[in-house]
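Observations on the model geometry
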Amino acid sequence: MAGLSRTAREPAPAAPAATGAAAAARRVRPLRRLAAAVARRALMLVLLLALVFAAVELLPGDAASASSERGDSAADVEARRHLLGLDRPVWERFADWMTALPTGDLGTGARGQKVTDLLADPLPNTLLLGGTAFLLTVLASLALGCWAACRPGRLADRIVSHTATAAFAVPEFVVSVGLLLVLALWSGLLPAVTLTGPDGAPDSWTMLVMPVLALVIPQTGWNTRIVRGALADQARTPHVEAAHLDGLPARRIVLRHALPGAVPAIATGIATSTGMLLGGAVVVETLFNYPGIGSVLASAVSGRDTPLIAGVVACAGAAISLVLLAADLLRDGILGDHP
Amino acid sequence: MDINRRQVLWAGGAMGAAALLAACSSGDGGTTDGKAGGDGAPKNGGTLRIGALGRAGAITRDPHGTQANESDYLVIALVFDTLAMPGAKTNTVPRLAASWEPSADLRTWRFKLAEGAAFHDGTPVTAEDVVWSLRRLRATPSGAARLPGVKAPESITADGAGTVVIVSDYANADFPLLTRLATFVMKKDTPDNALDKAPGTGPFMLDWYRGGNARLVRNDKWYGGTVRLDAIEVTMFETPQAMANALLAGQIDVASNAGAVAARTAATRKDIQVLRRPDDMAMPIVMRTAAGSPFADPRVREAMRLVVDRDAMVKQVLSGYGTVANDIMGTGDPAYAKDVPQRERDLEKARKLLAEANFDLSRTYSLVTTEDVSGLAESATLFANQAREAGIKVEVVKQESGAFWDKTWKTGDLYTTYWGTNDSVVFFASKTMVSEAGQNEAGWNDPAFDAAYRKATATADEKERAAALKELQQIEHERSGYLLWGMADGIDLAVAKVRGLPTLPGYGRVQLEHAWLA
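Values in this document were obtained by computation on a predicted structure and should not be read as measured data.

**Thoughts on the overall build of chain B**
Each helix and strand counted, chain B has 14 helices and 21 strands in total. Computed over C-alpha atoms, the radius of gyration of chain B comes to 24 Å, within 12% of the 24 Å expected from 2.2 N^0.38 for 518 residues, which places it in the range of a compact globule. Principal axes of the C-alpha set define a box for chain B whose edges measure 70 × 65 × 40 Å. For chain B, the residues scored as buried account for 57% of the 518 residues in total. Taking contacts inside chain B between residues at least 6 apart in sequence as the whole, the part at least 24 apart equals 71%. Surface accessibility of chain B: about 20,000 Å² in total, with carbon and sulfur atoms responsible for 51%.

Here it is, written out as structure tokens:
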């Protein structure tokens, strides 16, 4: 997951400033730009997956030894290695896995289960958890950031800013333990862990509350700071200052004049949160026994199960890439019109 | 890995949480009677919600596969039956096989199947089904280790509908011991893609299974006796902490194999039973006995065994949830030599032995350990401190699990190991101590021990066999490569109303057929 967040945190290359090109070129440009952005993200994902294969190779032991039993002789382990195809060079296995990927085939795990089967329930669960957390993070940080920006320099603004910094500084697991104590073990308001029903999804929506909050609280801290900062930058632009001098109400200035210009910066900031949200999900899922890909990933790494690790990374990476791509396009769209 | 550090911190947090919680609940005055005894006549009915450890990426449905998840093994063991199973008075008791009988040379074993045993779909179990299942087990990559000395398919045959004959390559008085843990019986010719719905013969039938969690319902026609529970719901937990929290919050009734940390946090709650299954886990220190090792001299090994403070180890490493051991593996065996005098700490004698053996005290010795099981790394650290008091410099080296099994296990001079099946002295002798053993962890080669082992396994006469077993254990106590300081209890947590839970160590933890709800 560290690899993922690193990619996610990396600032997207700045869009080339429009230079008054010909009208014809202007019509083709958005399409070409989209294709380039998609290609860039896809390439990044492929590189990441190659890195995953190489990294697992560098770890001591392999899937054959990890899934063997203690009494197995060297010959037994070798037979298992052959069964799993681990006696072939790593680049060959990577090439095979990559060529099957476009057909939706993620290979077979070290214990003979299809990777797509192993991810069929956990992936939607994690997307539900991450997606809900993402949505709430966006709403909460926009609301808090705008609310503070309407009261620049006043007490409310300072409280929001400091609380946001503090919230971001607290790791997910600390938030989780706090929530668990207060909301489940002391008060009994919410279930302490997630139990899973016959449909593979959490038994009740109440089981999502704490995991979502544990992700939302730190990320809202981070993004509130970004929203507030972007609005502060906008407040110094001539058109916002003019609106201010015209005596328009603060709320109207923030929402109608400052916010639109701040969207690119906010979108980029929030997009980079996706990586941190999914990274945090691994921790939060473990604490709340939430049936997501975090648990799958942790066991896949200890089992040296390359196809399974790559499957998780591909899915998580694709989700992150999509959000980053959307942020790129949003920013390009806005900045493209107003260079 | 990042998550491990966090999990450790989390464990601390959970402990603090439970302490606070305990403080609160005891302040309430306690409305429950707190009685965990099994008094009263067993009642029928109810659903038992049990948590077991497991990880989503390691899910295995194949009864003959390598089950890394306790949750998967639990489900499989409730749905399918093995030929024999672990017992209390003798370490092997009948299950699907009602009885067994060896030939005079202890090589050919005839297992008679239980009367009335049938699959969940109503079909009677035949010897053909058993033969097919055993052959399938033998053909898995781990088959040779699970049925050692048995060649498939020719050594496993049916004799009529009710008898299975297995021939061992060598005389083995303890052969039925091998049929306890993995010999799950499925219907003949069950295809690999139908394993997840294959009917078993066990006390419970599978209602549904998904992502490691399952619901099982009672098999009313089970041949093995009355099953009281209507159903069992199994929930898989990635960590013991989350499992303990679920229990404390009332989401599950039993936390299977929850461990000492969870037990300590739950011990103050009067409405929670802490059930201890003794002799569950051995975490011995292995000293390499082969030439070239600093521990090749038996006097050095004895000195090391005199250096350890066993009571302190049990108290600190196991939080008191365990017992002191006497350097003999297989402490749960009914034939365990309780009369061998307990070895105590004796630094004086240890120093003398080390001097006699010219042990190099200026060197620092690495003790390699892992964090594979809880308490293992802690045991190494505490032992290193105790050794320092005798002037032996021991430095603990923590290895990542994969690196340990790849590079240190069976070749290192000094390392910690662990074993989860501890109810057979012969099991350890055959697997880890006889000179040709595949997992001879200490590289031990002791002709007298080998002779005692061969006598014990090749003798049908009970008295002679007992004498040989006694001698075997005496030699092991004196000079093997193991320093076994203590045994960890297996610990289950349960809410007050649950009765009849498993009492046996190791895989015995899955014996839920006699559980009931008060």
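**Describing the domain arrangement of chain B**
Residues and elements named next belong to chain B. When its domains are assigned, chain B resolves into domain 1 (81-190) and domain 2 (279-489). Computed from C-alpha atoms alone, the centre-to-centre distance between domain 1 and domain 2 is 32 Å. At the interface, 14 residues of domain 1 touch 14 residues of domain 2. The contact between domain 1 and domain 2 buries some 890 Å² in all, and 50% of this surface belongs to carbon and sulfur atoms. Ranking the residues of domain 1 by area buried against domain 2 places Asn91, Leu106 and Asp174 at the top, with a combined share of 40%.

**Quick word on the environment of Arg225(A)**
Residues and elements named next belong to chain A. Along the chain, the position of Arg225 falls in helix H10 (residues 206-235). Sequence spacing of Arg225 and Ala79 is 146 residues, and the spatial spacing of their C-alpha atoms is 56 Å. If near-sequence neighbours (up to four positions away) are discounted, Arg225 is found in contact with Ser161, Ala164 and Thr165.

**Points about the pairing of strand S6 (residues 156-159) of chain B**
Residues and elements named next belong to chain B. Bridge analysis of S6 against strand S7 (residues 163-167) gives four bridges, and the strand direction is antiparallel. The residue bridging Asp159 from the neighbouring strand is Thr163, located in S7. Counted between consecutive antiparallel strands, the loop separating S6 from S7 contains three residues, among which Gly160 sits at a positive phi close to 75 degrees.

**A word on the nonpolar core**
The biggest cluster of nonpolar side chains holds 142 residues, and the ones touching the most others in it are Leu119(A), Val164(B), Ile232(B), Phe237(B), Leu493(B) and Leu512(B). Top element by residues in this core is helix H14 (residues 306-337) of chain A. It accounts for eleven residues. Leu512(B) has contacts with Leu48(B), Ile50(B), Leu74(B), Leu78(B), Phe204(B), Leu229(B), Ile232(B), Leu501(B) and Pro502(B), leaving out every residue within four places of it along the chain. The next biggest cluster of nonpolar side chains, apart from the first, holds 38 residues, and it includes Val317(B), Leu347(B), Val373(B) and Leu382(B).

**Comments concerning the interface of chain A and chain B**
Taken together, the 46 residues of chain A in the interface contact 51 residues of chain B. At the boundary of chain A with chain B, total buried surface from both sides reaches about 4,200 Å², with 59% on carbon and sulfur atoms. By the criterion of area lost to chain B, the three top residues of chain A are Arg70(A), Arg111(A) and Leu185(A), representing 18% of everything that side buries. Counting across the chain A and chain B interface gives two salt bridges. The residue Asp121(A) makes a salt bridge to Arg210(B) at a minimum N-O spacing of 2.6 Å. Joining chain A to chain B, the criterion identifies 14 residue pairs in polar contact (both at pLDDT 80 or more). Breaking the side of chain A that touches chain B down by element, the ones donating at least two residues are helix H4 (74-83), helix H9 (172-186), helix H12 (250-288) and helix H13 (293-302) of chain A.

**Describing helix H2 (residues 70-79) of chain B**
Residue and element names in this part refer to chain B. Taking burial as the measure, the ten residues of H2 include ten buried ones, the bulk of the element. Where H2 is concerned, the buried positions are Glu70, Ser71, Asp72, Tyr73, Leu74, Val75, Ile76, Ala77, Leu78 and Val79. Against the buried residues of H2 lie strand S1 (47-53), strand S8 (204-210), strand S9 (213-218) and strand S10 (231-237).

**Observations concerning the environment of Ala140(A)**
Residue and element names in this part refer to chain A. Note on placement: Ala140 falls in helix H7 (residues 122-149). Residue classification places Ala140 among the partly exposed positions, given a relative accessible area of 25%. With 134 residues separating them along the chain, Ala140 and Thr274 place their C-alpha atoms 15 Å apart.

**Structural notes on the sheet that holds S6(B)**
All names here are of chain B. As summarised here, the arrangement of the four strands in space is S4-S5-S7-S6, forming an open sheet in which the pairing is antiparallel. Strands with a single pairing partner mark the edges of an open sheet, and in this sheet they are strand S4 (97-102) and S6. In this sheet, adjacent strand axes meet at a mean angle of 25 degrees when their direction is disregarded. Relative to S7, strand S5 (residues 108-113) runs antiparallel, the two sharing five bridges. For Trp109, the partnering residue across the bridge sits in S7 and is Ile166.

**Brief notes about the confidence of the model for chain A**
Mean pLDDT over chain A works out to 84, with 90% of the residues at or above the 70 mark. Residue range residues 1-18 of chain A is modelled with pLDDT below 50. Its contacts to residues more than four positions away, or to other chains, number 31 contacts.

**Quick word on the packing of aromatic side chains**
The full count for this structure, using the stated rule, is 20 aromatic pairs over all chains. On the numbers, 5.1 Å between centres and 65 degrees between planes, the contact of Phe53(A) with Phe94(A) is edge-to-face. Here Phe53(A), found in helix H2 (residues 23-58), pairs with Phe94(A), found in helix H5 (residues 90-100); they are 41 residues apart in sequence, far enough to count as distant. Given the relative accessible area of 4%, Phe53(A) is considered buried. When the ring of Trp419(B) is compared with that of Phe428(B), the centres are 5.6 Å apart and the planes differ by 85 degrees; the resulting orientation is edge-to-face.

**Here's the deal with the packing of helix H13 (residues 447-458) of chain B against helix H14 (residues 462-479) of chain B**
Residue and element names in this part refer to chain B. Two elements in contact, H13 and H14, have axes separated by 8 Å at closest approach and are oriented at 155 degrees. By the angle class used here, H13 and H14 are roughly antiparallel. For H13 against H14, the interelement crossing comes out left-handed. Of the residues in H14, those in contact with Ala448, Phe449, Ala452, Tyr453, Lys455 and Ala456 of H13 are Glu464, Arg465, Ala468, Leu469, Glu471, Leu472, Ile475, Glu476 and Arg479.

**Quick look at the packing of H10(A) against H12(A)**
All names here are of chain A. It is at 7 Å that the axes of H10 and H12 come closest, and there the two elements cross at 155 degrees. Between H10 and H12, the crossing angle belongs to the class labelled roughly antiparallel. Remark: the crossing between H10 and H12 carries right-handed chirality. Among the residues forming the contact of H10 with H12, the class breakdown is 21 nonpolar, eight polar and no charged.

**Focus on the pattern of salt bridges**
Pairs may arise between side chains of opposite charge once their charged atoms sit close together. Applying the stated criterion across every chain, the model contains 46 salt bridges over all chains. Between Glu400(B) and Arg304(A) there is a salt bridge, with its nearest N and O atoms 2.9 Å apart. Here the residue Glu400(B) occupies a position in the loop between strand S16 (393-398) and helix H11 (401-408), and Arg304(A) occupies one in the loop between H13 and H14, the pair thus bridging two chains. Overall, the relative accessible area of 40% leaves Glu400(B) in the partly exposed class. Owing to a relative accessible area of 5%, Arg304(A) belongs among the buried residues under this scheme. Between Glu436(B) and Arg454(B) there is a salt bridge, with its nearest N and O atoms 3.1 Å apart. One end of the pair, Glu436(B), is in the loop between helix H12 (425-433) and H13; the other, Arg454(B), is in helix H13, with 18 residues separating them in the sequence. Given a relative accessible area of 38%, Arg454(B) falls into the partly exposed group.

Reading guide: rules and limits
Residues numbered from 1 in each chain as written. Chains lettered and ligands numbered in written order. Predicted model: local features only at pLDDT ≥ 70, side-chain atom pairs only at ≥ 80, totals over all residues. Heavy atoms only, no water. Helix = DSSP H or I, 4+ residues; strand = E, 2+ residues; numbered from the N terminus. Rg over C-alpha atoms; globule rule 2.2 N^0.38 Å. Buried < 20%, exposed > 50% of the residue type's maximum accessible area, 1.4 Å probe, protein only. Contact = heavy atoms within 4.5 Å. Areas by Shrake-Rupley, 256 points an atom, 1.4 Å probe, with all protein chains shown as cover. Domains from an automatic or database assignment. Buried area = accessible area lost by both parts, 1.4 Å probe. Pairing = 2+ DSSP bridges. Core = buried A, V, L, I, M, F, W, Y, C linked by side-chain atoms within 4.5 Å. Salt bridge = Lys/Arg side-chain N within 4 Å of Asp/Glu carboxyl O. Polar contact = N/O pair within 3.5 Å; in protein donor to acceptor, adjacent residues only side chain to side chain. Axes fitted to C-alpha atoms, helices over the stretch in contact; angles between N-to-C directions. pLDDT = per-residue confidence, 0-100. Phe/Tyr/Trp six-rings, centres within 6.5 Å; stacked < 30°, edge-to-face > 60°. Parallel < 35°, antiparallel > 145°, perpendicular 65-115°, else oblique. Left-handed = near helix turned anticlockwise from the far one by under 90°. Nonpolar A, V, L, I, M, F, W, Y, C, P; charged D, E, K, R; others polar.

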